[in-house]
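Single-letter residue listing:
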Amino acid sequence: MNVEINGPKVLGYLFGNPNLPITETMRNAWIVMAVILFLCIFLTHRMQKIPKGKQALAEKAVVMIDNLVENTMGKGCQAFSPYIATLLMSSLFGSLATLFWMRPVTADLNTTLGWALITFALITFNKIKYNGIGGYLKGFLEPVFVMAPLNVLSEIATPVSMSFRHFGNMAGGLVISTLIMGALQVLSKAVLGFLPVPLLQIGLPGVLSLYFDCFTACMQAFIFSMLTMAYVGDARGSS
Amino acid sequence: MGIDSNAFVAGMSALGAGMAMIAGLGPGIGEGYTAGQACAAIGRQPEAQGDITRTMILGIAMAESTGIYALVIALILLFANPFVGNF
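Since we're looking at a predicted model, the values are computed, not measured.

Draft legend 1. The UniProt feature "transmembrane region" (unreviewed entry) in chain A, seen in detail. Residue and element names in this part refer to chain A. Annotation from UniProt places "transmembrane region" (unreviewed entry) at residues 28-45, 83-103, 109-128, 167-188 and 208-232. Secondary structure across residues 83-103 comprises 67% helix and 0% strand; the distance between its end C-alpha atoms is 24 Å. With 100% helix and 0% strand, residues 167-188 has end C-alpha atoms that lie 32 Å from one another.

Next up, the structure:
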């Protein structure tokens, strides 16, 4: 039985410096970015006054995300929809990359923690912008000043829990599928050992992949952007 | 074949990883309850289905965090064990 569960492989080193490894995740992230860029250019190529075909698809997607942002964060928050759309698309395509024999970009804590830190910066910026620096600092002393350490902790817990949630879901799916793949191999060797191929590996992994890869990917992309909108909207609304 | 310190630590880590996943109980119960309440709410007010579903998904995602923390601990114990090799 050979079950291999590894982190992203190191493909090489930037400038030959061992402190700057180039991992599988980074390569796949660049591929995903290229695909998204190509889609954006392709779908909006030769736009017309009356949309049809691919342009209608692009307009539908943009309007959908605009509406989502407006419904969740309230009016006057349209400036956030490009960021939300970026998060949604990167997360969705990065997770669905696993359907094309690539390691999912989001099954790496570095990716999700990076996104969560951007969101955290956005939250803090908006809190300071709408409450003033004094109001922001005073927010830590509520409801009583004894709660200050707990408030600081809960502030730090936001990006940590966001990134761990996304990473945990994707990596957990990866681990479970790999383990089941190995178990099915052993089982088919024991039960149907006379066949040259592990026959029992057909079927079940595909069904599991539908849940762990397709469903979880869409769900986590949606949840990550929804949480970003909720937190940022909350930071703006508390003024 | 004797059990040396590293084998003992590895075995105990596997046991710990399994026990950490007992934390899956809590989110399971909580999410089930949330989904049930959302069903009841949609039954009372079918026109608010979109809002209720969105709020439910957010709530479920929040409730899931504890389970995910347990999963991360289990994964660390299994694949990136900090204790193996110290003895």
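Following the structure, the description resumes.
Draft legend 2. Structural detail: the environment of Pro82 of chain B. All names here are of chain B. Looking at where Pro82 falls in the secondary structure, it is placed in the segment after helix 3 (49-79). Given a relative accessible area of 46%, Pro82 falls into the partly exposed group. Considering only alpha carbons, one finds Pro82 and Ala63, 19 residues apart in sequence, at a separation of 28 Å.

Draft legend 3. Broad picture of the UniProt feature "domain: V-ATPase proteolipid subunit C-like" (unreviewed entry) in chain B. UniProt feature "domain: V-ATPase proteolipid subunit C-like" (unreviewed entry): in the numbering of this structure it lies at residues 15-77 of chain B. The distance separating the terminal C-alpha atoms of residues 15-77 of chain B is 9 Å; by composition the span is 87% helix and 0% strand.

Draft legend 4. Structural context of the environment of Pro27 of chain B. All names here are of chain B. As for its position among the elements, Pro27 is in helix 2 (residues 25-44). Taking relative accessible area as the criterion, Pro27 reaches 8% and is therefore assigned buried. Here the alpha-carbon distance between Pro27 and Phe83, two residues 56 residues apart in the chain, equals 28 Å. When residues no more than four places from it in sequence are discounted, the contact partners of Pro27 are Ala63, Glu64, Thr66 and Gly67.

Draft legend 5. Up close: the nonpolar core. Counting 26 residues, the largest nonpolar core has Val69, Met73, Phe224 and Met229 of chain A as the members making the most contacts within it. Secondary-structure elements contributing two or more residues to this core are helix 2 (54-73), helix 3 (81-96), helix 4 (109-138) and helix 6 (204-237) of chain A together with helix 3 of chain B. The residues contacting Phe224 of chain A, other than those within four sequence positions of it, are Leu87, Thr112, Trp115, Ala116, Thr119, Met162 and His166 of chain A. By size, the runner-up hydrophobic cluster in this structure holds seven residues, among which are Phe167 and Ala171 of chain A together with Leu71 and Val72 of chain B.

Draft legend 6. Unusual backbone geometry, seen in detail. Residue and element names in this part refer to chain A. For Arg46, which is not glycine, the phi torsion reads 50 degrees and is therefore positive. Topologically, Arg46 is positioned in the loop between helix 1 (24-43) and helix 2. With a phi close to 65 degrees, Trp101 is a non-glycine residue in the positive phi region. Among the secondary structure elements, Trp101 is positioned in the loop between helix 3 and helix 4. Owing to a relative accessible area of 80%, Trp101 belongs among the exposed residues under this scheme.

Definitions and cut-offs
- Residues numbered from 1 in each chain as written.
- Chains lettered and ligands numbered in written order.
- Predicted model: local features only at pLDDT ≥ 70, side-chain atom pairs only at ≥ 80, totals over all residues.
- Heavy atoms only, no water.
- UniProt positions renumbered as here; feature names shortened; annotations may be inferred.
- Helix = DSSP H or I, 4+ residues; strand = E, 2+ residues; numbered from the N terminus.
- Buried < 20%, exposed > 50% of the residue type's maximum accessible area, 1.4 Å probe, protein only.
- Contact = heavy atoms within 4.5 Å.
- Core = buried A, V, L, I, M, F, W, Y, C linked by side-chain atoms within 4.5 Å.

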